[in-house]
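Residues per chain are reported as follows:
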Amino acid sequence: MRYFLLLLACCSLALYSNAQSSTIITGAACTASYLPLLKGKRVALLVNQTATIGPTHLVDSLLALHVNVVKILSPEHGFRGNADAGESVNNSSDEKTGLPIVSLYGGHHKATAADLSNVDILIFDIQDVGARFYTYISSLQELMEAAAENHKPLLVLDRPNPNGSYVDGPILDTAFRSFVGMQPIPIVHGMTTGEYAQLLNGEKWLAHHEQCELTVIPCLHYTHHTRYDIPIMPSPNLPNASATYLYPSLCLFEGTPISVGRGTDKPFQQFGSPLFPDAGYHFTPESRPGAKTPVLQNQRCYGFNLQGDAGEVYKKYGHQLQLQWLITAYQLYPDKATFFTPFFDKLAGGTQLRKQLVAGKTAAEIRASWAPGLARFKAIRKKYLLYAE
């Protein structure tokens, strides 16, 4: 009865104000489904600031329920989500609870046997945004591999994918594997973390083709066509729903000299360069928390403003990768030889997209080249979906 009453309380806290997502209940809020699995166990959690039940962090909720949480594992951007992209994060302790925090974005990305020596069960609960290069699914894979290697069960508390309504982009060429792309999936994979964990396990894509002991606690009242505005910033430069919807398309600019607005009040809602012609819109990136040394810092950038009402941005741009922005930027940039950095191929998942852009291919021609790979991936993906399309 206690668990049932707690579930009702937690579920009521999980009802967010956004009309499209007001009935969604996250996996974390479904405590009655997983508290029995934690009874008498020493628990470690890979979480950040998005792991909440309503307004309360999952760590605090579990401690209040007398769950034996022994440590926190932290991903890129840290436990509180305030470190820069790519910034190394050190081990520390949580000021509120005193729990040790083991960084998996510092000296090592994968939890070691020593990290897990006093742990009986692992929990993963991080809000993803559905793009291959958003590194939390890489952290998920490495936690699954650590769980398999060290014979620890893993519990994934699922959350909606705000970009879960579509599958798009080139499939990663495995010769270009990196932490921003570890598996042969498209840029936009259309899966929640729980579904993706099932795919990694089911397809034996973990290291050494191992499988971990995996349990997924699904969301309630979510489908892949339910619009979901994330209630908590998933990372420092995705401050709102509009940025989240634009991110899969704009992040490819991170492999170019073009600014996507890091260091401004509209990150991932604009793009530009000092070398673009002045068409009436400009912004200037500056050092600020979460973007200490942004691209083109203190330089006036001329470009394009994509900011808008979240619903309108979702309707206009939230169902397909927007290639025209890349095509336009490449056409406007005067020094074509320096437009692409080596990082672009890692983000794109291979050399094909860069070569197509250089060759002047149209968006339609590029999209047509993706079709066979996307069809193959969708057939694999379908086996692991937990929610209606």
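Cut-offs and rules
Residues numbered from 1 in each chain as written. Predicted model: local features only at pLDDT ≥ 70, side-chain atom pairs only at ≥ 80, totals over all residues. Heavy atoms only, no water. Salt bridge = Lys/Arg side-chain N within 4 Å of Asp/Glu carboxyl O. Helix = DSSP H or I, 4+ residues; strand = E, 2+ residues; numbered from the N terminus. Buried < 20%, exposed > 50% of the residue type's maximum accessible area, 1.4 Å probe, protein only. Pairing = 2+ DSSP bridges. Contact = heavy atoms within 4.5 Å. Axes fitted to C-alpha atoms, helices over the stretch in contact; angles between N-to-C directions.

K.L.:
Kindly report on the pattern of salt bridges, identifying the contributing residues and their values.
P.N.:
Going through the model one piece at a time under the given rule, you end up with 12 salt bridges. Where D168 meets R367, a salt bridge forms, and the shortest distance between an N and an O atom there is 2.6 Å. Taken together, the positions of D168 in the loop between β8 (154–157) and α5 (193–202) and R367 in helix α11 (residues 363–382) put the pair 199 residues apart, joining distant regions of the chain. On the basis of relative accessibility, which here comes to 3%, the residue D168 falls in the buried class.

K.L.:
Can you lay out the sheet that holds strand β1 (residues 42–47) for me, pointing to particular residues and giving the numbers?
P.N.:
Pairing is mixed in the open sheet, where seven strands are placed in the order β5-β6-β4-β1-β7-β8-β9. Among the strands making up the open sheet, the edge pair consists of β5 (92–93) and β9 (214–217). Sheet topology places strand β4 (residues 68–74) next to strand β6 (residues 100–103); three bridges connect them, and they run parallel. Residue pairing across strands places L73 opposite V102, the latter belonging to β6. Against the sheet, helix α2 (residues 31–38) engages β1, β7 (121–125), β8 and β9, with an angle of about 160° to β8. Along the sheet, α5 contacts β7, β8 and β9; its crossing angle with β9, the most-contacted strand, is approximately 160°.

K.L.:
Report on unusual backbone geometry, specifying residues and quantitative values.
P.N.:
Non-glycine residue K204 carries a positive phi angle of around 55°. Its place among the elements puts K204 in the loop between α5 and β9. Using a relative accessible area of 41% as the deciding quantity, one classes K204 as partly exposed. With phi around 65°, N298 is a residue other than glycine that occupies positive phi space.

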